[in-house]
Amino acid sequence: MKITDIEVTHHRLPLDPPFNASWDTRPRTQFSATIVRVHTDSGLTGIGSGDEMIGFEAYKPLFIGQDALSLERHFRILENIQFHGSRCWPLDLALWDLAGKAANQPVWRLLGGASGRIRAYASSGTLRQPQALADQAERFLEQGFPALKIRFHRGDWRDDIKALEAVRARLGNRLELMVDCNQGWRMPWDAAPPWTLKEALPVARALEDLDVFWMEEPLHRGDVKGMAALRSRVDIRIAGAEMTRELHELRSLIEARALDVLQPDAALVGGISGLRRIATQAVDAGLIFTPHTWTNGLGVLANAHLTAALGNAPFLEYPYDPPEWPLAARDFMLAEPLQAHKGWLDLGTRPGLGIALDEERLNQTRVA
């Protein structure tokens, strides 16, 4: 089965009202998505999504005419491309989708998974007032979610703690809580410095008092020694690496025992081919492997197949924060949004990643 063409299209959905993401100082008025289709001489097409794949056109000849199922070969070329150019890992997701279709098996089964189901935690994106956050958390609990990730970034971490306290006061320990401190990376226009170890320590201890399951991105992504020191001084789990670009950096984090929870996103680093290696290493080292998934529903699907098959995750991130961030926006490219039923993602037995695109919506939102 030879690759005959790789089609990359870009799409943009207007957001009205704008989405005020906690990690972004600018309101978001649009949501962009890149769709990758790998066409073959067999008539099968693999589908992926994730980063924008800027400049990929120049590298497309490296794949045309090649065996579509030579996944290891394609992975090595994509690693080379990342070094010289941009992150083109959505192509790896599309190739795995294609491999599943060729084998008439879901990707989670190709990866050796015993189950195609995984628990999902609701991942919020906005900064709500304390009582409004408690109301939202209660709704998530009623919908069957076992856990909720709450965002910090209100300027003073003590104000963030007040919002967290409101949730605990309302729900007690009926919902596991995680906190994303948003210190690992910044948007290009955000010049605020990340926390230092001394600044992160009192926050960690306050989170311990509130029985928080993990503390995410408490320091700059490159501060490996700082994360290891923080982890050694507190009992709360330390999570990170959602935007780490290189697989060797992820291996270094594992070897340094800098994290308890490893969160690389297959749509942004390594694809499924690379992260299946990292997931095994993480689990062998006693870490939890549960990816970041804030791309779109297709990215959630890819990470879900990987995690269900290879990880030891108690749950997987499910970006969902209505009305500001509804499924209709996150999954606008899909024929049906990816639903979490009573807190579970059921990946089913459809071949590949189980993707069905909304071609009409994609035509309406396509941009040059």
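Note that residues are indexed from 1 along each chain, following the sequence as it is written. It should be noted that, the model being predicted, local features are given only for residues of pLDDT at least 70 and side-chain atom pairs only at 80 or more, the latter also being counted only at that level, while totals for whole chains, interfaces and linings use all residues. Side-chain numbers here rest on the full set of heavy atoms in the structure, without hydrogens or water.

**A closer look at the environment of Val36**
Phase 1: We count a stretch as a helix when DSSP gives it H or I for four or more residues in a row; a strand needs E for two or more, and each element gets its number in order from the N terminus. Looking at where Val36 falls in the secondary structure, it is placed in strand 2 (residues 28-40).
Phase 2: The sequence separation of Val36 and Ile47 amounts to 11 residues, and the corresponding C-alpha distance is 5.6 Å.
Phase 3: We call two residues contacting when some pair of their heavy atoms lies within 4.5 Å. The contact partners of Val36, leaving out residues within four places of it in the chain, are Ile6, Glu7, Val8, Gly46, Ile47, Gly48, Met53, Pro90, Leu91 and Ala94.

**Brief notes about the side chain of Thr40**
Phase 1: Tracing the backbone through its elements, the reader meets Thr40 in strand 2.
Phase 2: A polar side-chain atom of Thr40 sits 2.8 Å from a polar atom in the side chain of Ser42.
Phase 3: With near-sequence residues (within four places) excluded, Thr40 lies in contact with Met1, Lys2, Ile3, Thr4, Ala68 and Leu98. Under the rule applied, a polar contact is a pair of N or O atoms within 3.5 Å (in protein, one hydrogen donor and one hydrogen acceptor; residues adjacent in sequence only if both atoms are side-chain atoms).

**Remarks on the packing of aromatic side chains**
Phase 1: Centres within 6.5 Å make a pair out of two Phe, Tyr or Trp rings, where for Trp the six-membered ring is used; the pair is then stacked when the planes are under 30 degrees apart, edge-to-face when over 60, and tilted otherwise. A complete count under the given rule lists 19 aromatic pairs for this structure.
Phase 2: With 6.3 Å between their ring centres and 75° between their planes, Phe19 and Trp23 make a pair best called edge-to-face. Each of the two residues, Phe19 as well as Trp23, counts as buried.
Phase 3: Taken together, a centroid distance of 6.0 Å and an interplanar angle of 55° make the contact between Phe213 and Trp214 tilted.
Phase 4: Each residue gets one of three labels from its accessible area relative to the maximum for its type: buried under 20%, exposed over 50%, partly exposed in between, using a 1.4 Å probe on protein chains only. Here Trp214 falls in the buried class, since its relative accessible area comes to 0%.
Phase 5: Ring-pair connections join several aromatic residues into one group, and the members of that group are Phe19, Trp23, Phe31, Trp294, Trp325 and Phe332.
Phase 6: Its end group placed over the ring of Trp189, Arg26 keeps NZ or CZ at 4.2 Å from the ring centre.
Phase 7: Geometry around Phe213 places Arg237 over its ring, the cationic atom sitting 3.9 Å from the centre. Counted as over-ring charges are cases with an Arg CZ or a Lys NZ within 6 Å of the ring centre that also lie within 35 degrees of the ring normal.

**Focus on helix 2 (residues 90-103)**
Phase 1: Between its terminal C-alpha atoms helix 2 stretches 20 Å, which fits the 20 Å expected from 14 residues at 1.5 Å a residue.
Phase 2: Note on helix 2: the residue one or two positions beyond its end, Asn104, has a positive phi of about 60°. The span expected for a helix works out to 1.5 Å for each residue beyond the first.

**So, the pattern of salt bridges**
Phase 1: Salt bridge, as used here, is a side-chain nitrogen of Lys or Arg placed within 4 Å of a carboxyl oxygen of Asp or Glu. On inspection of all chains with the given rule, the structure shows 22 salt bridges.
Phase 2: The partner of Glu216 in a salt bridge is Lys149, and the shortest N-O contact between them spans 2.9 Å. Here Glu216 is found in strand 7 (residues 214-216), whereas its partner Lys149 is found in strand 5 (residues 147-151), with 67 residues between them in sequence. Across the pair, Lys149 and Glu216 agree in class, each one buried.
Phase 3: Several salt bridges converge on common partners, so that one network encompasses Lys149, Arg151, Asp180, Glu216 and Glu317.

**Examining unusual backbone geometry**
Most of the time, phi is negative for any residue but glycine, and the peptide bond is trans.
Phase 1: The linkage connecting Asp16 with the following residue, Pro17, adopts the cis geometry, with an omega of 5°.
Phase 2: Tracing the backbone through its elements, the reader meets Pro17 in strand 1 (residues 3-19).
Phase 3: The peptide bond linking Pro322 to Pro323 adopts the cis configuration, its omega dihedral lying at 5°.
Phase 4: Phi at Asp211 takes a positive value of approximately 60°, unusual for a residue other than glycine.
Phase 5: Locating Asp211 in the fold gives a position in the loop between helix 6 (197-209) and strand 7.
Phase 6: Residue Asp211 is classed as partly exposed on the basis of its relative accessible area, which comes to 45%.

**Notes on the side chain of Asp190**
Phase 1: Residue placement: Asp190 occurs in the loop between strand 6 (176-180) and helix 6.
Phase 2: Classification of Asp190 by relative accessible area gives buried; the value is 13%.
Phase 3: Only 3.1 Å separates the side chain of Asp190 from the backbone nitrogen of Ala192, close enough to count as a polar contact.
Phase 4: Discounting chain neighbours no more than four positions away, the residues touching Asp190 are Thr25 and His153.

**Focus on the nonpolar core**
Phase 1: Remark: nonpolar core denotes a set of buried residues (Ala, Val, Leu, Ile, Met, Phe, Trp, Tyr, Cys) joined through side-chain atoms within 4.5 Å. With 115 residues, the main nonpolar core has Leu91, Leu164, Leu207, Met215, Leu262 and Leu345 as its most contacted residues.
Phase 2: In contact with Leu164, not counting residues within four places along its chain, are Ile150, Phe152, Leu177, Val179, Leu207, Leu210 and Val212.
Phase 3: In terms of nonpolar packing, the next biggest core, distinct from the first, is built from 9 residues, Ala147, Met178, Ile288 and Phe315 among them.

**A word on helix 9 (residues 271-284)**
Phase 1: Taking 1.5 Å of rise per residue, 14 residues should cover 20 Å, and helix 9 covers 20 Å from first to last C-alpha, within 8% of that figure.
Phase 2: Turning to helix 9, its buried residues are Gly271, Ile272, Ser273, Gly274, Leu275, Ile278, Ala279 and Ala282.

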